[in-house]
Number of protein chains: 2
Amino acid sequence: VVAVAAEEMAALVERLGQVGAQPGGGIVRPVYGPAWVKARDTLAQMMTEAGLDVRVDPVGNVYGRLAGRAGGPVLLTGSHFDTVPFGGAYDGALGVLAGIAALRALRTQAGTPARTVEVVALCEEEGSRFHANFLGTRAIWGQITREDLEELRDHDGVTAAQAMAEAGGDPERLEEARRDDIASFLELHIEQGAKLERRGVDIGVVTGIVGLTQLEVEVTGRADHAGTTAMGDRSDALLAAAEVALAVEAAARDHADPAVGTVGWLQAHPGAANVVAGSARLSVDLRHPEAEKLQALVDDVTERAHSVVAPRGCSAQVTLAKHAPPHPMDEALRARLHQTATRLGYSAMDIPSGAGHDSQTMARFAPTAMLFVPSRDGRSHSPAEYTDPEAAAKGATVLATVLHDLAEG
Amino acid sequence: VVAVAAEEMAALVERLGQVGAQPGGGIVRPVYGPAWVKARDTLAQMMTEAGLDVRVDPVGNVYGRLAGRAGGPVLLTGSHFDTVPFGGAYDGALGVLAGIAALRALRTQAGTPARTVEVVALCEEEGSRFHANFLGTRAIWGQITREDLEELRDHDGVTAAQAMAEAGGDPERLEEARRDDIASFLELHIEQGAKLERRGVDIGVVTGIVGLTQLEVEVTGRADHAGTTAMGDRSDALLAAAEVALAVEAAARDHADPAVGTVGWLQAHPGAANVVAGSARLSVDLRHPEAEKLQALVDDVTERAHSVVAPRGCSAQVTLAKHAPPHPMDEALRARLHQTATRLGYSAMDIPSGAGHDSQTMARFAPTAMLFVPSRDGRSHSPAEYTDPEAAAKGATVLATVLHDLAEG
């Protein structure tokens, strides 16, 4: 057992959480901004203090290295350190900090490992400044080009390449961010849901990152005068769209957890209080960790959309807006996480990740697994994010112990 | 019987309908614009051709007068001649044209009447250029001030006073638009609904203009990650708002025709496809011709809004956005319209007006009544507006005959 203490996790979260903290609450730390630069330097300092060899690659990924006796492919852990606007101190950050604490524990409790272990603070995952998330992992795997960096622009028109250069990076040396020596990747992350907390479980072993299908539904009815058109004479597109939204919920519930379905926006046209809506559009976000079950949910929602609008004399057109297939996590690493948690006396359960993570890009190129620690009240992307230091330390201890076993095994 | 022929109604509709007609269909004739000026002059010409004494008041109301032998208070008929953007050739216009045809028929078929009869083409009713509908009727009754005309601005910042002056009117002489000699007002209008057509009834005798209450409902739930939050853990404000919209419909149906309830817009916040909505706002438009029944509907909708959102862990705040009381029409004039229609062999029925009309302002100051003629498929505020010339002529004949009886009685 390589143990990480709750006090260390609390201190690390407190220290990094001050960087980009806003007076009214919440953290604003978009990639390549001043707060991000300060966070990068803080993390590099933390890694140095942990006794690791630090380097920053040209896109801004920060590495802390604990060189092994035997060399060879690297056991990598980490997560991202950018935040959404007014986000919390845990999403991404906790995985980086747990990695730093784990490597410090490895070094001080177990000495030089056989194989090399590294922690990485990935520069960007949230996509909240540029419409390109996973910038850090994509650079590592050569999935982003110099041209992409010129085309990506923030709200002020600044390109990702300019922003990177201003923050001390170097878009001309993008290739130097590539790695071909990664043996495996482990990412600790907050759950961002309430399943672990509700069940009182310490560790979630992520089975995979869910597949996502986003649809747009356009409902066509007939615009009419709200005063002169009797209730029975209407083809009200807004009401038909409301029924589609409720049908999405009903379908997701019928397909049962972990299926989820969300309608995040709904717009009626012409959108005046005194006009029966002639048309309406709504978004549908459907997720499931298994590709076949996701497709079954998509098919069911599509069928229900058509059938609930028809009795109103409306029609529905369903178009695909976005699709990302599920990314299963590595079975051997998952088994090792379960065994280690059990050995340490922690409770653990399989859990799908409903959100995207750096691990989904990593999983395409290297054996990858994730462990979740509980999120209080399931909150995330919010100043209300919180994970108890004891719970965070249990996760970091599992991480450190698995890394130790992998490094020596 | 003073009869108006279908051919005359068809010709008048055809002639005025060309003014402001757009190449792709629909009429655009906002008050004081070039098309409106042309329509004003066309109507003045039509009135002259009908043998009437024509004058235009300072706000742009066009009068055609058939002076009576005895003088005294005036029997007025008419409607408005502005249109909504891409409106039809019948809303407002048909009431003006029926009035012109009726007065021509009176003059040619019955000679000089005992009392004076006038037709008015009111300058503005739709509120589609300035946020002040009933400009014409309000000027007649001193319900608008010189200051109002300076404060009302169109989308280009032009004041109503400037626009009026540019169109040949005179805001300085606003007082000259006032009338204190109106004995009664009769307005013919298209139904803008499908009740007459569906029942095959010729004439709708308007019982009153419905009362209107507009509410805004704010639903508060909790914003959550669409991927990580299980269906059972959500307080989805958009779904709660969808249930409110359906509850508005259910309440209006339960309160039975002529009650109507409409949700014309619904907006979710933050309004992203991948975020469970934390709050949502929607409009509610409720109408009923009887004040007590309207209030009962408002109370019922308010109660249902609270009760449908509660099981979702959401709350609703209901605020009053707008209220206009019902305006009952004059009973004696209504009885006369019924009797005359029956005498002429036309079918007639009582019908409430779900929309606002110039008659609601007139009714505050003089005995007022309205008659509706059928709208094909109930369409209005649309290029699809249509009323059969035979049906329009029946309405105009009832109008002419009632005016004749009033003028001689």
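Anyway, here's the lowdown on the structure attached to this text. (Residues numbered from 1 in each chain as written. Chains lettered and ligands numbered in written order. Predicted model: local features only at pLDDT ≥ 70, side-chain atom pairs only at ≥ 80, totals over all residues. Heavy atoms only, no water.)

Another point: helix 12 (residues 389-408) of chain B. Residue and element names in this part refer to chain B. Taking 1.5 Å per residue as the helical rise, helix 12 with its 20 residues ought to reach 28 Å, and the 28 Å between its terminal C-alpha atoms agrees with that figure. Counting buried positions along helix 12 gives 15 out of 20 residues, so the element sits mostly inside the fold. The N-capping residue of helix 12, defined by a side-chain oxygen 3.1 Å from the backbone nitrogen of Glu-390, is Asp-388. (Helix = DSSP H or I, 4+ residues; strand = E, 2+ residues; numbered from the N terminus. Expected span 1.5 Å × (residues − 1). Buried < 20%, exposed > 50% of the residue type's maximum accessible area, 1.4 Å probe, protein only. Polar contact = N/O pair within 3.5 Å; in protein donor to acceptor, adjacent residues only side chain to side chain.)

This brings us to the pairing of strand 1 (residues 53-56) of chain B. All names here are of chain B. Sheet topology note: the strand 1/strand 2 (residues 62-66) ladder contains four bridges and is antiparallel. Looking across to strand 2, one finds that Arg-55 is bridged to Tyr-63. Where strand 1 folds back onto strand 2 in an antiparallel hairpin, the turn is made up of five residues, including Gly-60, whose phi is positive at roughly 110°. (Pairing = 2+ DSSP bridges.)

It takes a turn of 180° to lay chain A on chain B, together with a shift of 0.0 Å along the axis; the resulting RMSD is 0.1 Å. Each copy turns onto its partner about a two-fold axis. The C-alpha atom lying nearest the rotation axis in chain A is that of Ala-242 of chain A; the distance is 2.4 Å. (Least-squares fit on C-alpha atoms with pLDDT ≥ 70 in both.)

The next subject is the interface of chain A and chain B. Quite often, the size of an interface is put as the accessible area lost when its parts meet. Contact residues are listed per partner, giving 56 residues for chain A and 56 residues for chain B. If you sort the residues of chain A by the area they bury against chain B, Thr-228, Met-231 and Ala-273 of chain A come out on top, with a joint share of 14%. Counting every contact that joins chain A to chain B gives six salt bridges. Elements that contribute at least two residues to the side of chain A that touches chain B include exactly helix 7 (195-199), strand 8 (224-225), helix 8 (237-255), strand 9 (260-262), strand 10 (266-269), strand 11 (275-276) and strand 12 (279-288) of chain A. It is helix 8 of chain A that provides the largest number of residues to the side of chain A that touches chain B, a total of nine residues. For the side of chain A that touches chain B, the per-class residue count stands at 23 nonpolar, 17 polar and 16 charged. (Contact = heavy atoms within 4.5 Å. Buried area = accessible area lost by both parts, 1.4 Å probe. Salt bridge = Lys/Arg side-chain N within 4 Å of Asp/Glu carboxyl O. Nonpolar A, V, L, I, M, F, W, Y, C, P; charged D, E, K, R; others polar.)

Residue and element names in this part refer to chain A. Examined against the element boundaries, His-288 turns out to sit in strand 12. The exposure class of His-288 is buried, given its relative accessible area of 4%. Not counting the four nearest positions on each side in its chain, His-288 is found in contact with Val-210, Gly-211, Pro-258, Ala-259, Lys-293, Leu-294 and Pro-326.

Time to look at the packing of helix 3 (residues 93-110) of chain A against helix 12 (residues 389-408) of chain A. Residues and elements named next belong to chain A. Running from amino to carboxyl end, helix 3 crosses helix 12 at an angle of 55°, the nearest separation of the two axes being 9 Å. Judged by the inter-axis angle, helix 3 sits oblique to helix 12. When you trace helix 3 past helix 12, the crossing you get is right-handed. Contacts from Leu-94, Ala-98, Gly-99, Ala-102, Leu-103, Leu-106 and Ala-110 of helix 3 reach helix 12 at Ala-392, Ala-396, Leu-399, Ala-400, Leu-403 and His-404. By residue class, the composition of the contact of helix 3 with helix 12 is eleven nonpolar, two polar and no charged. (Axes fitted to C-alpha atoms, helices over the stretch in contact; angles between N-to-C directions. Parallel < 35°, antiparallel > 145°, perpendicular 65-115°, else oblique. Left-handed = near helix turned anticlockwise from the far one by under 90°.)

Before going further, it helps to examine the packing of aromatic side chains. For the structure on display, the rule yields eight aromatic pairs over all chains. Ring geometry for Trp-36 of chain B versus Phe-81 of chain B: centroids 5.2 Å apart, planes at 20°, classification stacked. With Trp-36 of chain B in helix 2 (residues 34-49) and Phe-81 of chain B in the loop between strand 3 (71-80) and helix 3 (93-110), the pair connects residues that are 45 residues apart, well separated along the chain. A ring pair is formed by Tyr-90 of chain B and Tyr-386 of chain B, whose centres lie 5.8 Å apart and whose planes are at 70°; its orientation type is edge-to-face. Residue Tyr-90 of chain B is located in the loop between strand 3 and helix 3, and its partner Tyr-386 of chain B is located in the loop between strand 16 (368-373) and helix 12; the two are separated by 296 residues in the primary sequence. Three or more aromatic residues link up through ring pairs in this structure, and these residues are Tyr-32, Trp-36 and Phe-81 of chain A. Sitting over the ring of Tyr-63 of chain A, Arg-55 of chain A keeps its end group 4.3 Å from the ring centre. (Phe/Tyr/Trp six-rings, centres within 6.5 Å; stacked < 30°, edge-to-face > 60°. Lys NZ or Arg CZ within 6 Å of the ring centre and 35° of its normal.)

Here we take up the pattern of salt bridges. Counted under the stated rule, the structure contains 60 salt bridges over all chains. Put simply, Asp-377 of chain B and Arg-222 of chain A hold a salt bridge, and the shortest N to O gap is 3.7 Å. Placement of the pair is Asp-377 of chain B in the loop between strand 16 and helix 12 and Arg-222 of chain A in the loop between strand 7 (211-220) and strand 8, with the two residues belonging to separate chains. By relative accessible area, which is 41% here, Asp-377 of chain B ends up partly exposed. Residue Lys-195 of chain B is joined to Asp-257 of chain B by a salt bridge in which the shortest nitrogen-to-oxygen separation is 3.1 Å. With Lys-195 of chain B in helix 7 (residues 195-199) and Asp-257 of chain B in the loop between helix 8 (237-255) and strand 9 (260-262), this residue pair connects regions lying 62 residues apart in the sequence. What makes Asp-257 of chain B partly exposed here is its relative accessible area of 47%.

A separate point is the environment of Ala-226 of chain A. Positionally, Ala-226 of chain A belongs in the loop between strand 8 and helix 8. Expressed as a C-alpha distance, the spacing of Ala-226 of chain A and Arg-40 of chain A, which sit 186 residues apart in the sequence, is 57 Å. For Ala-226 of chain A, the contacting residues outside a window of four places in its chain are Arg-234, Ala-273, Asn-274, Val-275 and Val-276 of chain A together with Val-260, Thr-262, Asp-285 and Arg-287 of chain B.

Phi is mostly negative for residues that are not glycine, and the peptide bonds are mostly trans. A cis amide bond links His-269 of chain A with the next residue in sequence, Pro-270 of chain A, at an omega value of 5°. Locating Pro-270 of chain A in the fold gives a position in the loop between strand 10 and strand 11. Of note, the bond from Asp-257 of chain B into Pro-258 of chain B is cis; its omega dihedral lies within 30 degrees of zero at 10°. Its identity is not glycine, yet Phe-86 of chain A carries a phi of approximately 55°, on the positive side. Among the secondary structure elements, Phe-86 of chain A is positioned in the loop between strand 3 (71-80) and helix 3. Even without being glycine, His-381 of chain B reaches a positive phi, approximately 50°. Within the secondary structure, His-381 of chain B sits in the loop between strand 16 and helix 12. For His-381 of chain B, a relative accessible area of 32% puts it in the partly exposed group.

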